[in-house]
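# Architecture and fold: a report
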Amino acid sequence: MKILHTKIGEHIIHFENAPRYLFKMFRELEDENHQPDLTVTIQLDFGIPFVNDDVKENRQADRIYYRRSDYLMEVDAAFQYAEISAYDELALKHALFNLYSSFIVYHGWGLLLHSSCVIENGKAHMFAGHSGAGKSTAAKLSLPRNLLADEATIVKISSEKIEVFNSPFRSEIPSDGENGIFPLGSIQVLHQSLQNQRVRLTKSDSLITLIDKVFYWSSHPADKKMILGLLLEMASQVPVYNLFFLNNDTFWELIS
């Protein structure tokens, strides 16, 4: 059994029976004496290959079950222990997205958002949009600026400030090891275009735009209320723009 201790955001995660893939995905902590915030046991060879993104959620007195065609996840009601059975590495990755997203919502800590995120002048700038809008493209065009995320951005949300952490949940561009915590300066909703233009959204339009960027929406009313409250706080503090951009890095002139 392979043991992996890692840190995601501000949270210590302890993986038991971790496959080799996770050691590439997460940075191993040298000090294993930290009390974990969440312990995750993993099994592979479950279910069938990916069919669609539909997740069935079943809540019992002391357990929550999340089931998709290619994974089954069981979590205790206090979100301290989880068991994941997955079909393959892709299924495991998606299950971990679901788990961490649900974990930070449960604690009211923040959100995991479909987006890339780039550091410029000490601030984080997020790039979101529908599938194919250009999140990874914007991240690549932003190099050599440091990237905090190319697929899933970890955002801590409080009434005082909105902060972004380096995300290990990567798609194409590996982490450069940036461990800082950065204030979120802006959010760009991407639209590929023949010219660069940035148009600020109203707070209500910002909230509506961000709703489908959350990685996992629970069916539980309390979780839905928590997610909406966190999104509203973020939309109240951080400007959100429609960014129409050419396929080059000149759009940064509008952000910087």
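Residues numbered from 1 in each chain as written. Predicted model: local features only at pLDDT ≥ 70, side-chain atom pairs only at ≥ 80, totals over all residues. Heavy atoms only, no water.

### Examining the layout of surface pockets
Stated precisely, the cut-off is as follows: Lining residues are defined by having an atom within 4 Å of a point belonging to a cavity or pocket. Those points lie on a 1 Å grid over the protein atoms alone, cavities being sets where a 1.4 Å probe fits but cannot get out and pockets being open sets with protein on both sides within 12 Å along at least five of seven lines. Grid points are joined across faces, edges and corners, and a volume is the space filled by probe spheres set on the points. Going along the chain from the N terminus, every DSSP run of H or I of four or more residues is numbered as a helix, and every run of E of two or more is numbered as a strand. Gly is placed with the polar residues, together with every amino acid not listed as nonpolar (Ala, Val, Leu, Ile, Met, Phe, Trp, Tyr, Cys and Pro) or charged (Asp, Glu, Lys and Arg).
One number sums up the size of the largest pocket: a volume of about 710 Å³. Every residue lining the largest pocket is counted, 29 residues in all, and those nearest its centre are Asp 53, Phe 97, His 114, Glu 151 and Phe 215. Per-element accounting of the lining of the largest pocket gives the leading share, five residues, to helix H2 (residues 89–106). Split into classes, the residues belonging to the lining of the largest pocket amount to nine nonpolar, eleven polar and nine charged.

### Describing the pattern of salt bridges
This is how it is decided: Salt bridges are identified by distance alone: a Lys or Arg side-chain nitrogen within 4 Å of an Asp or Glu carboxyl oxygen.
Summed over the entire model, instances satisfying the criterion amount to eleven salt bridges. For Arg 68, the salt bridge is made with Asp 53, and the minimal N-O distance between the two is 3.6 Å. Taken together, the residues Arg 68 in strand E5 (residues 63–68) and Asp 53 in the loop between strand E3 (38–44) and strand E4 (56–59) connect sequence positions 15 residues apart. Of the charged contacts, one joins Arg 63 and Glu 74 as a salt bridge, the two residues approaching to 2.9 Å between their closest N and O atoms.

### A few points about the environment of Gly 134
Rules: To sort residues, take the accessible area from a 1.4 Å probe on protein chains only and compare it with the maximum for the residue type: under 20% means buried, over 50% means exposed, and anything in between is partly exposed. By definition in these notes, contact holds between two residues if any of their heavy atoms fall within 4.5 Å.
Mapped onto the elements, Gly 134 comes out in the loop between strand E10 (123–128) and helix H3 (135–142). Judged by relative accessible area, Gly 134 falls into the buried class, the value being 7%. Sequence spacing of Gly 134 and Asn 179 is 45 residues, and the spatial spacing of their C-alpha atoms is 25 Å. Residue contacts for Gly 134: discarding those within four places in its chain leaves Leu 190 and Gln 192.

### Some points on the nonpolar core
As a reminder, the rule being used: For our purposes a nonpolar core is just a set of buried Ala, Val, Leu, Ile, Met, Phe, Trp, Tyr and Cys residues, chained together by side-chain atoms within 4.5 Å.
The biggest cluster of nonpolar side chains holds 38 residues, and the ones touching the most others in it are Phe 15, Leu 22, Leu 99 and Phe 169. Per-element accounting of this core gives the leading share, nine residues, to H2. If sequence neighbours within four positions are ignored, Leu 99 has contacts with Leu 38, Val 40, Met 73, Val 75, Phe 79, Ala 82 and Ile 84. Within the second largest apolar cluster, 26 residues are counted, among which are Leu 113, Leu 184, Ile 187 and Val 189.

### Considering the side chain of His 14
Inspection of the secondary structure puts His 14 in strand E2 (residues 11–16). By relative accessible area, which is 12% here, His 14 ends up buried. Those residues in contact with His 14 that sit more than four places away from it in its chain are Ile 3, Leu 4, His 5, Pro 36, Leu 38, Thr 39 and Val 40.

### Thoughts on the packing of aromatic side chains
Test applied: Only centres within 6.5 Å qualify two rings of Phe, Tyr or Trp (six-membered ring in Trp) as a pair; their planes then separate them into stacked at under 30 degrees, edge-to-face at over 60, and tilted for everything else. Two limits define a charge over a ring: the Lys NZ or Arg CZ must be within 6 Å of the ring centre, and within 35 degrees of the ring normal.
Going through the model one piece at a time under the given rule, you end up with 13 aromatic pairs. Geometrically, the ring pair formed by Phe 26 and Phe 169 is edge-to-face, given 5.9 Å between the ring centres and 90° between the ring planes. Pair noted here: Phe 26 is in the loop between helix H1 (20–25) and E3 and Phe 169 is in the loop between strand E13 (162–165) and strand E14 (181–192), with a separation of 143 residues, a long-range link. One exposure class covers both Phe 26 and Phe 169, and it is buried. Among the aromatic side chains, those forming a connected cluster through ring pairs are Phe 15, Phe 26, Phe 97, Tyr 100, Phe 103, Phe 169 and Phe 215. Above the ring of Tyr 241, the side-chain terminus of Arg 198 is found at 3.7 Å from the ring centroid.

### Quick notes on the packing of helix H4 (residues 203–210) against helix H5 (residues 221–237)
Under the convention used in this document: Only the stretch in contact is used when fitting a helix axis, every axis being a line fitted to C-alpha atoms; angles between N-to-C directions are given from 0 to 180 degrees. To sort the angles, those under 35 degrees are grouped as roughly parallel, those over 145 as roughly antiparallel, those from 65 to 115 as roughly perpendicular, and the leftovers as oblique. If you view the pair so one helix is near and one far, a crossing is left-handed when the near helix is turned anticlockwise from the far one by less than a right angle, and right-handed when it is turned clockwise.
At a closest axis distance of 9 Å, the pairing of H4 and H5 adopts a crossing angle of 135°. Taken together, the axes of H4 and H5 are oblique relative to one another. Helix-helix and strand crossings are classified by hand; for H4 and H5 the assignment is right-handed. Across the interface between the two elements, Lys 203, Ser 206, Leu 207 and Leu 210 from H4 touch Leu 228, Leu 231, Leu 232, Met 234, Ala 235 and Ser 236 from H5. The residue inventory of the contact of H4 with H5, partitioned by class, reads seven nonpolar, two polar and one charged.

### Side note on the pairing of E10
Short version of the rule: One bridge is not enough; two strands pair if DSSP finds at least two bridges between them.
Burial within E10 is extensive, with five of its six residues counted as buried. Pairing of strand E9 (residues 116–120) with E10, which is carried by five bridges, proceeds in the antiparallel orientation. The residue of E10 that forms the bridge with Cys 117 is Met 126. Once E9 ends, the chain turns through two residues before running back antiparallel as E10, passing Asn 121 with a positive phi of about 55°. Inspection of the sheet shows E10 paired to E14 by five bridges, in the parallel sense. Each residue of the ladder has a partner; that of His 125, found in E14, is Ser 186.

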